[in-house]
Structures are given as structure tokens and as C-alpha cells.
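Take a look at the letters that make up each chain.
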Amino acid sequence: MKEVAKGIYQEDTKLNSFLIVLSKEYYEKEPVMQAIHEYSNDFTITMKPKGEREISIFFTPKNDNQSDNHLDLIKNFSNKVIDFQIRKDLEKDYGHIRDVIVDYAYSPIKKKLM
């Protein structure tokens, strides 16, 4: 297996198959699955555990016509996972503040309905 870009590997026998390894220490399952879902139109994606602390994500393009674009999309995958993980962390830490603001914003409407 050879590294074609930082953190992205490609099997020598399958030139259109790529691998990214993510640490479970930094990423939860839900954000990874959200990112996988966004890429499911362009790739067949398989996720497998790699030991206790890592997960392997294999990408196989569904359409070979855009081979130049595949590597660029896969490079952006890690950014998508980071984005979804940050959103999840922010929701966990500050979601209650958003709920208070929304309740306050709609309180005049609630009073009129009562």
C-alpha cells in the first residue's frame, strides 16, 4: 500500500481504491457516518475497525470517469468529519443556550396563543 497524499493510502493492486485511517480518540461514530453519507453518491464506502483505537475507511469510486477528482474529494473527507465532530461537540456543550434563546424569541407568540 502506498501513500498518495498525506494520510490517504492506495492499494497497488486496486488503483481506484483508497484508504483513510481515523482515530477513535478524536472522532465519534456519528460524525464519521454523516461524512460517509455525504460521499455515498460518489463512492462505495466500507468502514472497519482497525484495532481498538482506529477505524479504516475504504473508498471505491462508483464512476471511474472522474478519477482526477476522486483524490481531491477524499482529501476533503477528513475536513468533513472534523466539521461534523465540531458541530456535535458544540451542540453538546452549548445546545442549551440555543434552546433558551429560541424560547425567549418565541415567548411573545406563545403568550398570544394562550
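Residues numbered from 1 in each chain as written. Predicted model: local features only at pLDDT ≥ 70, side-chain atom pairs only at ≥ 80, totals over all residues. Heavy atoms only, no water.

### Brief notes about the packing of aromatic side chains
Within a pair of aromatic rings, the relevant descriptors are the distance that separates the centres and the angle that separates the planes. Counted under the stated rule, the structure contains 4 aromatic pairs. Aromatic pair phenylalanine 43 and phenylalanine 59: ring centres 5.6 Å apart, planes at 85°, arrangement edge-to-face. Of the two residues, phenylalanine 43 is situated in strand 4 (residues 43-50) and phenylalanine 59 in strand 5 (residues 54-61); the sequence distance between them amounts to 16 residues. Note on accessibility: phenylalanine 43 and phenylalanine 59 belong to one class, buried. Within the aromatic cluster, the residues linked to one another by ring pairs are Tyr39, Phe43, Phe59 and Phe77. (Phe/Tyr/Trp six-rings, centres within 6.5 Å; stacked < 30°, edge-to-face > 60°. Helix = DSSP H or I, 4+ residues; strand = E, 2+ residues; numbered from the N terminus. Buried < 20%, exposed > 50% of the residue type's maximum accessible area, 1.4 Å probe, protein only.)

### A look at a nonpolar patch on the surface
On the surface, a cluster of nonpolar side chains totalling about 560 Å² of accessible area is made up of Ile82, Ile86, Leu90, Tyr94, Ile97 and Ile101. Positionally, leucine 90 belongs in helix 2 (residues 67-113). Residue leucine 90 is classed as partly exposed on the basis of its relative accessible area of 45%. (Patch = residues over 30% accessible without salt bridge, like charges linked within 9 Å, V, L, I, M, F, W, Y side chains within 5 Å. Areas by Shrake-Rupley, 256 points an atom, 1.4 Å probe, with all protein chains shown as cover. Salt bridge = Lys/Arg side-chain N within 4 Å of Asp/Glu carboxyl O.)

### Brief notes about the pattern of salt bridges
Within this structure, the stated rule accounts for 7 salt bridges. The residue glutamate 28 makes a salt bridge to lysine 88 at a minimum N-O spacing of 3.7 Å. Note that glutamate 28 is positioned in the loop between strand 3 (18-23) and helix 1 (29-39) and lysine 88 in helix 2, a separation of 60 residues in sequence. Arginine 98 is the salt-bridge partner of aspartate 99, the closest N and O atoms lying 3.2 Å from each other. Residue aspartate 99 is classed as partly exposed on the basis of its relative accessible area, which comes to 38%. Judged by relative accessible area, arginine 98 falls into the partly exposed class, the value being 43%. One salt-bridge network, in which partners are shared between bridges, spans Glu28, Glu30, Lys88 and Lys92.

### Some thoughts on the pairing of strand 4
In terms of strand pairing, strand 4 meets strand 5 through 8 bridges, oriented antiparallel. The residue bridging threonine 44 from the neighbouring strand is threonine 60, located in strand 5. Where strand 4 folds back on strand 5, the antiparallel hairpin that results is connected by 3 residues, among which glycine 51 adopts a positive phi of roughly 75°. (Pairing = 2+ DSSP bridges.)

### Considerations on the sheet that holds strand 5
Reading across the sheet, the 5 strands line up as 1-2-3-5-4 and stay open at both edges, with antiparallel pairing between neighbours. The sheet is open, and its two borders are formed by strand 1 (2-5) and strand 4, each paired with just one other strand. Across the sheet, the axes of successive neighbouring strands diverge by a mean angle of 35°, strand direction being ignored. Sheet topology note: the strand 3/strand 5 ladder contains 6 bridges and is antiparallel. Within the sheet, the bridge partner assigned to serine 23 lies in strand 5 and is glutamate 54. Sitting on the sheet, helix 1 touches strand 3, strand 4 and strand 5, and the angle it makes with strand 4 is about 155°. (Axes fitted to C-alpha atoms, helices over the stretch in contact; angles between N-to-C directions. Contact = heavy atoms within 4.5 Å.)

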